[in-house]
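# A closer look at the structure
Take a look at the letters that make up each chain.
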Amino acid sequence: MTSRQRLLTAIQRGKPDRVPIHVRGVRVWDEGWVRSRHTSYLPLIKAVRDRCDWVAGWSPGTGLFLSATRLKVESRTESLDERWDLRHTLIHTPKGPITSIYQISRIGMPGLRRKFWVESEEDLERFLSIPYEPLKPDVEGFFQLERRINERGIVMVGFSDPIAYVHDLLGSELLALWSIERREVIRMLVRLFTDRLRQLIEYLLARGVRGVYGFSGEEYAAPPLLSPRDFHEFVTQPEREIFDLIHRHGCLVHVHCHGPMNAILEDFVEMGADCLHPIEAPPLGDMPLAEAKRRIGGQVCLEGNIQIGDIYAGETEEIKAMVARAIEDAAEGGGFILCPTASPHTPQLSPKTVANYLAMIETCLELGHYGG
């Protein structure tokens, strides 16, 4: 099989020639990304280029708040210390300004939002005063990337899910509080972003953007921050509407959701996910891969679940054992993709980390064949 055939067969819960290997975040098809990597990445880049199955991400661009409305935006950056900067952004709305602050690493580490757009009723009123204009992005980049990837893998059209856009407005704390105190506001915002996302996806589908659609952000409403009931209302139900649209056009759906999943695992079946990543086992999650396979493996492809922290700090023999166990727990009958739980996230990779990545790949190539 080609890598494209292998991945699509697994996502549709079939049995390919071997377990696909997706090394998340190693973008070997992107020459700019490859050139920007430290030389410590080179052995991993070569292994992924030569021996793994590629999942290339493409995003149409989602503007500000899933809208094409042009707004006056002011931005300034200040130094926090020798490692971090703070980027202050102000948006002028018809009813006054809203602001956010984002912390940016100077050494290539992940950033984080320090202040969210909406912190009060007044901020919410200002956000809602922004006129909405449907997005109509250029889609040629999708087709260019598909031609570049060809049979070496698949192109995944990437989005945040509706609750992620709500979270980006409010932050985790206010989202949790308003889910109790102002539940009608959360419902309204989820509906607003569901409608905008549906319109964008309808636009893309009408222009031939087909294949696998990927979503992330579901974890913002998952336990323990919100309850299983909240997850069902704010995630499962609106995403089922969007996923049904995608399925009606013959496309597939991938969901990336970290964290505890025991209480919500079957929700991913109900919403219509075709593939679920990363299925985190204890202690960082609560879902052993074998248990996930037993409960939903016949309905959803499982992708995972080698913890990125173990790849960075574990012993190589431990990584080999983890891969063997993952194959034993989830590969039977197909519908499984081996993948780390997250992307490499440091500017340099230690020799141990590189050795662990290579051991993961080699062990899966050795043990992941179905035969016949």
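Residues numbered from 1 in each chain as written. Predicted model: local features only at pLDDT ≥ 70, side-chain atom pairs only at ≥ 80, totals over all residues. Heavy atoms only, no water.

Turning next to the side chain of Ser40. Topologically, Ser40 is positioned in the loop between helix H2 (31-36) and helix H3 (42-51). A distance of 2.9 Å separates polar atoms of two side chains, one belonging to Ser40 and the other to His38. At 2.9 Å, the side chain of Ser40 and the backbone nitrogen of Leu349 are in polar contact. (Helix = DSSP H or I, 4+ residues; strand = E, 2+ residues; numbered from the N terminus. Polar contact = N/O pair within 3.5 Å; in protein donor to acceptor, adjacent residues only side chain to side chain.)

Along the polypeptide, Asp53 turns up in the loop between H3 and strand E1 (54-58). Judged by its relative accessible area of 1%, Asp53 is buried. One polar contact links the side chain of Asp53 to the main-chain amide nitrogen of Ile21, over a distance of 2.8 Å. Every residue in contact with Asp53, bar those within four places of it in the chain, is listed here: Ser3, Arg6, Leu7, Arg18, Pro20, Ile21, His22 and Arg152. (Buried < 20%, exposed > 50% of the residue type's maximum accessible area, 1.4 Å probe, protein only. Contact = heavy atoms within 4.5 Å.)

This next bit is on the sheet that holds strand E5 (residues 112-115). Strand pairing in a sheet relies on backbone hydrogen bonds. The paired strands run either parallel or antiparallel. The strand order E2-E3-E4-E5 describes an open sheet built from 4 strands, whose pairing is antiparallel. This sheet does not close on itself; its edge strands, each paired only once, are strand E2 (72-79) and E5. The mean inter-strand angle of the sheet, taken between neighbouring strand axes irrespective of direction, is 25°. Relative to E5, strand E4 (residues 96-105) is paired through 3 bridges, and the arrangement is antiparallel. Residue Gln103 lies in a different strand from E5, and its bridge partner there is Leu112. Sheet strands in contact with helix H4 (residues 121-128) are strand E3 (84-93) and E4, and its direction is about 100° off that of E4. (Pairing = 2+ DSSP bridges. Axes fitted to C-alpha atoms, helices over the stretch in contact; angles between N-to-C directions.)

Given a rise of 1.5 Å per residue, 17 residues ought to cover 24 Å, and the 24 Å separating the end C-alpha atoms of helix H13 (residues 351-367) matches this to within 8%. Buried within H13 are the following residues: Thr353, Val354, Asn356, Tyr357, Ala359, Met360, Ile361, Thr363, Cys364 and Leu365. (Expected span 1.5 Å × (residues − 1).)

Our next topic: the packing of H4 against helix H7 (residues 183-206). Across the interface, H4 lies against H7 with an axial gap of 13 Å and an inter-helix angle of 25°. Considered as vectors, H4 and H7 are oriented roughly parallel to each other. In the crossing of H4 with H7, the sense of the turn from one axis to the other is left-handed. Of the residues in H7, those in contact with Leu124, Phe127 and Leu128 of H4 are Val185, Met188, Leu189, Leu192 and Phe193. For the contact of H4 with H7, a count of residues per class yields 8 nonpolar, no polar and no charged. (Parallel < 35°, antiparallel > 145°, perpendicular 65-115°, else oblique. Left-handed = near helix turned anticlockwise from the far one by under 90°. Nonpolar A, V, L, I, M, F, W, Y, C, P; charged D, E, K, R; others polar.)

Turning to the layout of surface pockets, a few remarks are in order. Over the atoms rolls a probe the size of a water molecule, and in doing so it shows where empty space is left. Taken as a whole, the largest pocket holds about 1200 Å³ of empty space. Lining the largest pocket are 37 residues; nearest its centre among them are Arg24, Gly25, Ser216, His256 and Ser343. Among the secondary structure elements, those contributing two or more residues to the lining of the largest pocket are E1, strand E6 (153-160), helix H6 (162-181), strand E7 (212-216) and strand E8 (252-256). In the lining of the largest pocket, the residues fall into 16 nonpolar, 16 polar and 5 charged. In this structure, the second largest pocket spans a volume of roughly 280 Å³. The set of elements that each furnish at least two residues to the lining of the second largest pocket consists of strand E10 (301-306) and helix H12 (316-330). At 4 residues, H12 tops the list of elements feeding residues into the lining of the second largest pocket. A breakdown of the residues in the lining of the second largest pocket according to their chemical character gives 9 nonpolar, 2 polar and 3 charged. (1 Å grid on protein atoms, 1.4 Å probe; cavity = no way out; pocket = protein on both sides within 12 Å on 5 of 7 lines; lining within 4 Å. Points joined across faces, edges and corners; volume = space filled by probe spheres on them.)

Enumeration over the complete set of coordinates arrives at 3 cavities of 30 Å³ or more. Of the pockets and cavities examined, the largest cavity occupies roughly 50 Å³. When its residues are assigned to classes, the lining of the largest cavity shows 7 nonpolar, 2 polar and 1 charged. As a volume, the second largest cavity reaches approximately 40 Å³. Around the second largest cavity, the lining residues are Leu7, Ile11, His22, Val55, Ile154, Met156, His254, Cys275, Glu303 and Ile337. Residue assignment for the lining of the second largest cavity shows that the elements contributing at least two residues are helix H1 (3-11) and E6. A class-by-class count of the residues in the lining of the second largest cavity yields 7 nonpolar, 2 polar and 1 charged.

Here we take up the sheet that holds strand E9 (residues 275-277). Taken together, the 7 strands give an open sheet; going across it, the order is E1-E6-E7-E8-E9-E10-E11, and neighbouring strands pair in parallel fashion. Where the open sheet ends on each side, the last strands, each with one partner, are E1 and strand E11 (336-340). Averaged over neighbouring strand pairs, the angle between their axes works out to 25° when direction is ignored. Both E8 and E9 contribute to a ladder of 3 bridges, which runs parallel. Paired with His254 across the strands is Cys275, a residue of E9. Along the sheet face, H7 touches E1, E6 and E7 and points at about 150° away from the line of E6.

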